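The lines below spell out each chain.
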Amino acid sequence: MHGNERPSDWLQRWAHLLPAGGTVLDLACGRGRHVRWLAERGWRVTALDRDTDAVKPLETIADVIVADIENGPWPLAARRFDGVLVTNYLWRPLLPAIVEAVAPGGALLYETFAIGNETVGRPSRPEFLLQPGELLRAADGLVVVAYECGRLDDPPRFVQRIAATRDPAGPVGRHLTAG
């Protein structure tokens with residue numbers, strides 16, 4: 001479910017929204033393809049996943065938290081991050097906590113599977129597929145900078161993805177559209 005080792009095109013396109021050198025949470029980070037990419041570029045990364053073996057190699061470059069966030073308490077209740085990144089993961093009860101974890105001036109970059117994906121592969125169960133506009137509704141209270149919903153190729157999949165910020169009065173030029 002965590003895909004290949006290449007960083008998400010969405011992350012690369014919108015990383016300029018993440019305050020330089022800031023703290024970034026990579027939620028459900030898996031083997032850490034985004035953790036590595038972010039750390040190499042100077043962000044201080046917190047890597048959260050339930051798979052101890054997958055995150056063990058990340059301990060030298062990130063603050064690693066092993067937690068089963070679907071069956072246990074949210075381990076970051078008091079923490080805020082300059083950036084929150086989520087890719088290929090959906091657990092609806094956590095959507096409010098994920099949005100709340102974005103600090104003032106910070107950004108949410110979220111990309112995951114949407115309805116329609118069941119026609120091209122997995123995941124195919126409705127509980128793992130966003131409904132139309134669901135990610136937009138989850139980000140209520142944030143300033144949406146970019147949103148996409150539809151089919152992507154290589155590999156074929158249906159996704160919703162959003163780039164949103166907590167503070168509309170961020171630094172000049174911060175919300176420029178990426179090319």
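Only a predicted model underlies this, so the values are computations on that prediction, with no experimental measurement involved.

Trainee: With reference to specific residues and values, describe the overall build of the protein.
Mentor: When you go through the protein residue by residue, the secondary structure sums to 5 helices and 7 strands. The helix and strand sequence of the protein, counted from the amino end, reads α-β-α-β-α-β-β-α-β-α-β-β. The C-alpha radius of gyration computed for the protein amounts to 15 Å, which stays within 12% of the reference 16 Å derived for 179 residues, consistent with globular compactness. Summarising its shape, the C-alpha atoms of the protein cover approximately 40 × 40 × 30 Å along the three principal directions. Taking all 179 residues of the protein together, the buried fraction comes to 48%. In the protein, 55% of the contacts between residues at least 6 apart in sequence involve partners at least 24 apart. Accessible area for the protein stands at about 8700 Å²; split by element, carbon and sulfur atoms hold 54% of it. Of note, the protein has its 20 positive side-chain charges centred 2 Å away from the centre of its 22 negative side-chain charges.

Thresholds, definitions, all that
- Residues numbered from 1 in each chain as written.
- Predicted model: local features only at pLDDT ≥ 70, side-chain atom pairs only at ≥ 80, totals over all residues.
- Heavy atoms only, no water.
- Helix = DSSP H or I, 4+ residues; strand = E, 2+ residues; numbered from the N terminus.
- Rg over C-alpha atoms; globule rule 2.2 N^0.38 Å.
- Buried < 20%, exposed > 50% of the residue type's maximum accessible area, 1.4 Å probe, protein only.
- Contact = heavy atoms within 4.5 Å.
- Areas by Shrake-Rupley, 256 points an atom, 1.4 Å probe, with all protein chains shown as cover.
- Lys, Arg positive; Asp, Glu negative; His and termini not counted.
- Charge placed at Lys NZ, Arg CZ, Asp CG, Glu CD.

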